[in-house]
Structures are given as structure tokens and as C-alpha cells.
Amino acid sequence: MKTLEPPYSLQELLLVLWRKKWLILLITILGIVLGYVISTQMKPKYEATTEILIETDKSDNLLYTQNMMETYREVLTSSALIKKVNEQGNFDLTTNEYNEQVKITMINTSQLITITAKADNELEPVKLVNKIATVFKKELTNYSKINTALVLNPATQSTSNQDSTFNELVSILIGGVIGLLLAICYCLLREIYSTKVDTETNVQRLNVPLLAKVTKKDSAQQWLYHIAALIQGEVKLGKKTVLLLNSAKEESGYLQQLSQLLAQHKQVVVLKQIEGNAHFVKTNEGEPDAFIYSTATPFSALQQKYNELEQQYDIVLVETSQLDSAETMLVASNQTQFIYCVDAKKTTLKQAKSILKKVVQLKMHRLGIVIAK
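Position numbers for residues count from 1 along each chain, tracking the sequence in the order it is written. Only residues with pLDDT of at least 70 are given local features in this predicted model, and only at 80 or more are side-chain atom pairs given and counted; all residues enter the totals for whole chains, interfaces and linings. With hydrogens and water excluded, all non-hydrogen atoms of the structure serve as input to the side-chain values.

### Some words on the overall build of the chain
Counting from the N terminus, the helices are the DSSP runs of H or I reaching at least four residues and the strands are the DSSP runs of E reaching at least two. Of the regular secondary structure elements, the chain holds 13 helices and 13 strands. For the chain, the residues scored as buried account for 41% of the 373 residues in total. In what follows, a contact means two residues having at least one pair of non-hydrogen atoms within 4.5 Å. Considering only residue pairs separated by 6 or more positions, the chain has 75% of its internal contacts joining residues 24 or more positions apart. Here the chain displays about 21,300 Å² of accessible surface, and carbon together with sulfur accounts for 54% of that area. The cut-offs for exposure are 20% and 50% of the maximum accessible area for each residue type, with area from a 1.4 Å probe on protein chains only; residues under the lower value are buried, those over the upper are exposed, and the others partly exposed. In these tables, accessible area is a Shrake-Rupley quantity obtained with a 1.4 Å probe, and a residue counts as shielded only by the protein chains included in the view.

### Quick word on the packing of aromatic side chains
Here a pair means two rings of Phe, Tyr or Trp (six-membered ring of Trp) with centres within 6.5 Å. Their orientation is stacked below 30 degrees between planes, edge-to-face above 60, and tilted elsewhere. Enumeration over the complete set of coordinates arrives at two aromatic pairs. Note on Tyr 72 and Phe 136: the rings are 6.0 Å apart at their centroids and 75 degrees apart in plane angle, and the pair reads as edge-to-face. One end of the pair, Tyr 72, is in helix H3 (residues 62-76); the other, Phe 136, is in helix H6 (residues 124-139), and 64 residues separate them in sequence. When its relative accessible area of 0% is taken as the criterion, Tyr 72 is described as buried. What makes Phe 136 buried here is its relative accessible area of 1%. Ring geometry for Phe 338 against Tyr 340: centres 6.0 Å apart, planes inclined by 45 degrees, an arrangement best described as tilted. Here Phe 338 falls in the buried class, since its relative accessible area comes to 1%. Placement of a positive charge over a ring is assigned whenever Lys NZ or Arg CZ falls within 6 Å of the ring centre and within 35 degrees of the normal to the ring plane. A cation over a ring is seen here: Lys 127 above Phe 91, with NZ or CZ 5.2 Å from the ring centre.

### Points about the environment of Ala 332
Mapped onto the elements of the fold, Ala 332 is located in the loop between helix H12 (326-331) and strand E12 (336-343). Here the alpha-carbon distance between Ala 332 and Met 364, two residues 32 residues apart in the chain, equals 5.9 Å. Apart from residues lying up to four places away in sequence, Ala 332 is in contact with Leu 362 and Met 364.

### Examining the nonpolar core
As a rule of thumb, soluble globular proteins bury nonpolar side chains together. Nonpolar cores are built from buried Ala, Val, Leu, Ile, Met, Phe, Trp, Tyr and Cys residues. Side-chain atoms within 4.5 Å join them into one set. By size, the foremost hydrophobic cluster in this structure holds 32 residues, and its most contacted members are Leu 206, Leu 271, Phe 338, Tyr 340 and Ile 369. Looking at this core, the element that brings in the most residues is helix H13 (residues 349-361), giving five residues. If we ignore the near neighbours within four places in the chain, the residues touching Leu 271 are Phe 291, Tyr 293, Leu 302, Leu 309, Leu 317, Val 318, Glu 319 and Leu 330. Counting 30 residues, the second largest nonpolar core, distinct from the first, contains Leu 93, Met 106, Leu 128 and Ala 155.

### Concerning helix H11 (residues 299-312)
In a regular helix each residue adds 1.5 Å, so 14 residues correspond to 20 Å; H11 covers 20 Å between its end C-alpha atoms and thus fits that length. Three or more residues of H11 are buried, namely Leu 302, Lys 305, Tyr 306 and Leu 309. On an axial view of H11, the arc spanned by its buried residues comes to 105 degrees, and they lie on one face. Those residues of H11 that are exposed and aimed more than 90 degrees away from the buried face are Ser 300, Gln 304 and Gln 311. Buried residues belonging to H11 abut strand E7 (241-246), strand E8 (268-273), strand E10 (289-293), strand E11 (315-320) and H12. Helix span, as expected, comes to 1.5 Å for every residue beyond the first. To be clear, the arc concerns the directions from the helix axis to the C-beta atoms.

### Observations concerning the pattern of salt bridges
If the charged atoms of two oppositely charged side chains come close together, the side chains can form a pair. When a carboxyl oxygen of Asp or Glu lies within 4 Å of a side-chain nitrogen of Lys or Arg, that pair is called a salt bridge. Summed over the entire model, instances satisfying the criterion amount to five salt bridges. As a salt-bridge pair, Lys 239 and Glu 234 come within 3.4 Å of each other at their nearest N and O atoms. There is no split in this pair, since Lys 239 and Glu 234 are both buried.

### A look at H3
Its 15 residues give H3 an end-to-end C-alpha distance of 21 Å, which sits within 8% of 21 Å, the value for a rise of 1.5 Å per residue. Values of bend correspond, residue by residue, to the angle between axes fitted over the seven residues ending at that residue and the seven starting there. Residue Met 69 marks the point of greatest curvature in H3, where the axis turns by about 40 degrees.

### Remarks on unusual backbone geometry
In most cases, non-glycine residues show a negative phi, while peptide bonds are predominantly trans. Not every positive phi belongs to a glycine, and Asn 90 is a case in point at roughly 60 degrees. The residue Asn 90 is located in the loop between helix H4 (79-89) and helix H5 (95-101) in this model.

### Observations concerning the state of the cysteines
For the purposes of this analysis, a disulfide is any pair of cysteine sulfur atoms at a distance within 2.5 Å. Taken as a whole, this structure holds zero disulfides when the rule is applied. A disulfide-free cysteine, Cys 185 has its sulfur positioned 9.5 Å from the sulfur of Cys 187, the nearest such atom.

### Some details on the side chain of Thr 241
Within the secondary structure layout, Thr 241 lies in strand E7. With relative accessibility at 1%, the residue Thr 241 sits in the buried group. Here Tyr 306 takes part through its side chain, which lies 2.7 Å from a polar atom of the side chain of Thr 241. The contacts of Thr 241, once residues within four sequence positions are left out, are Tyr 306, Glu 310, Val 316, Val 331, Gln 335, Thr 336 and Gln 337. Definition of a polar contact: a pair of N or O atoms within 3.5 Å, with one able to donate and the other able to accept a hydrogen when the atoms are protein atoms, and with sequence-neighbouring residues admitted only if both atoms are side-chain atoms.

### Quick look at the packing of H4 against H6
Note on geometry: axes are C-alpha line fits, over the in-contact stretch for helices, and angles between N-to-C directions span 0 to 180 degrees. The geometry of H4 relative to H6 is characterised by a closest axis approach of 10 Å and an angle of 120 degrees between their N-to-C directions. As far as their axial angle goes, H6 and H4 are oblique. At the point where H4 passes H6, the crossing takes the right-handed sense. Residues Leu 81, Lys 84, Val 85, Gln 88 and Gly 89 of H4 touch H6, and the partners they reach there are Lys 127, Leu 128, Lys 131, Ile 132, Val 135, Phe 136 and Glu 139. Gly is put with the polar residues, along with every residue not named as nonpolar or charged; the nonpolar set is Ala, Val, Leu, Ile, Met, Phe, Trp, Tyr, Cys and Pro, and the charged set is Asp, Glu, Lys and Arg. Residues of the contact of H4 with H6, tallied by class, amount to six nonpolar, two polar and four charged. Roughly parallel means an angle under 35 degrees; roughly antiparallel means over 145; roughly perpendicular covers 65 to 115; every other angle is labelled oblique. Handedness of a helix crossing follows the sense of rotation of the near helix relative to the far helix, less than a right angle counterclockwise being left-handed and clockwise being right-handed.

### Focus: the pairing of strand E3 (residues 112-119)
Burial of E3 is extensive: six of the eight residues sit out of reach of the surface. With eight bridges connecting them, strand E1 (residues 46-56) and E3 associate as antiparallel partners. Opposite Glu 51, over in E3, you have Thr 114 as the bridge partner. In this sheet, E3 lies alongside strand E2 (residues 102-106) in antiparallel orientation, the contact comprising five bridges. Bridge pairing in E3 places Thr 105 opposite Thr 114. Following DSSP output, two strands are said to pair if at least two bridges run between them.

Have a look at this one:
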């Protein structure tokens, strides 16, 4: 697992959450909906209780009765008694189901047995505990001649251990809280351990300036002015060629906008490859001069044209989607300004590091990175 370089401040993490606010809201709502669905599927448990008193005819037999209480507990959970309860009460309980639903409680030195039954149906616990008490009362004569069973208070109704309204509110609240926490954790972990070149922090790991973060809906042009100023500053130092490596193919138009802005102050030409068989077709149509060519154009001819353009224009803009291309081999030198336009959704840190390492080997000046979202 990679470490955080540089460490994230609280302000940065809060900004991450603010940018992801709609995703967080959506996951929270999903948690609330899930909590409500679960609450509607949860069936309340009903329970009923009856008590049996073990009596003896003589006080001299009290110790004997107390010693027999554990035996009576075993009788109440025996398969023989369960079978008779099923037969007489029209139940269909297995031994495991019986032991899960029925609880036998005794107090030391007491002759009182409490029978509690739980079930999803409101009427079943009442019927079950009363039938167990009736069957046990009859069966007791088979185990003892001096003890009898008295049912003190037969069950008449069951009680629910859940309030349905309260249960729904609690489930919705829990679902919302869990959804919110999961959303926050997901957004923060995705940001912290992101392998994509999609944030300023990740660009810092590449040790290269971030020129701009732009989107398809970005109408502000401040980033263009910023990049144009940097390019013009480097041109004064002799770096008159600009290579734009554009991995965000759907964000076409960056080169056109940039060239139009630079053309207001400098003589600018665009050299760009297209599909087909065109060989240095010039087109301006109210825009900065542009020469388009195809993959069929010989490299020698491309090199000759580039040398001509470099002599005639103040700035030569070259766009490519692959670093290992004819355009790159043509312009690669310490007089070339390199701008890397990355696709925030696809370009990984590993890929970017590989590209930038190659740029250093080609001795191009790394002007910076543009993140396209």
C-alpha cells in the first residue's frame, strides 16, 4: 500500500468531500432506502409466558421435589414431550426449532417453572405455552407419584418485543448514518489512494507543474491565458516549439483555442496529423495558420516542412496523442516546450511517470500538465 506523499491536510480532505457532495448524498439516500426496506422485511417477535408450580402432598417431600426440578426441566425439553405437543397442538416443530422458540426458566430452591415461547405469529406463542403446560401436567404423573403440577396463569395473549414505527425510524436512521460513513470513506480512500492523474496532489507526486484543470463544460479561459503567458515567456528564451501530448482525445479544441489566443500576440502555426492522404494542406479560415498531414507523409518531408515553419513563424504548435511518434522525434530538443494534457479518468500515475521520464530523456522542457475531466 502506498504512502501519502505529500500528507493531506484537513482542508484538502474537506474540499474532496465538497467536490464529491452529490455522490455522498446519493449513497446516503441509498442507505436510507435500504434501511427502510430492511425494516419492512423484519417481522416482530411475539412471546407468551405461563407458570407452573410443582406441588407436593407433604412438607416432608419438599427436598425431594427440589431435587427433581432439574429432571422436570429435562422432561420439558425432551423429544417425547415435544412429540406429544406436536400431536395434540397440531404443531410441526423439530427439536431444534422447539429449543429455539421455547425457554424454560427455574429459580434455585423454588418450585416454580416459567415457560416462555417466541414466534413470528401473534397467536402461536399463546397456544404453544399453554399446550406445553397441559402436556407436562399430564406427563408428570409418569415421573413422580408425590408431585403434581398447577398451572398458575395460563397465557391469554402474546406481546411484541418490537415497536414497528420505532423500528422503521431506527432502521432508516442507521441506514442513513451507515450510508453517509461509507460514502465519506469511499470518497476519501479513492482520493488518497487514487492511481489516476486527477488531482493537484497526484500531480505533485510527478514533480511537474499543474497548468490547469478543465472540463467539457469549462467556459472560463483563465487557464488558456496562463498557459499562453508561460509559452510566450519561454519563446523569449528561444523555446519556440510547443508539443502538446493529448491523451484526452475527446477534449479536442485545446490546441485551436490556445493557438487563437497566442496568435493575438505572435505569429503562430499549427502542425497536426489527420486521417487520409493529405500532405501539408494549409488551412486558416479565419484561424491561425495550420498545416495538416497524414500518416502517409514521409518523415523526411515532414522534417523539411517543420524546418520551414520554424523559420517563418514565432511559435510552432504540434499536437500528438502518442509520445513515440514522428512529431515527437521531429521536435524533441531542449528548445521544445512540452505540455501534457492527461485524461483524468484514464491516465494513471504510472503511465504519466513513464511519459515524463521519456520527455527528460528527449531533453524537452516540461512546461506542465493539464488535467482534462
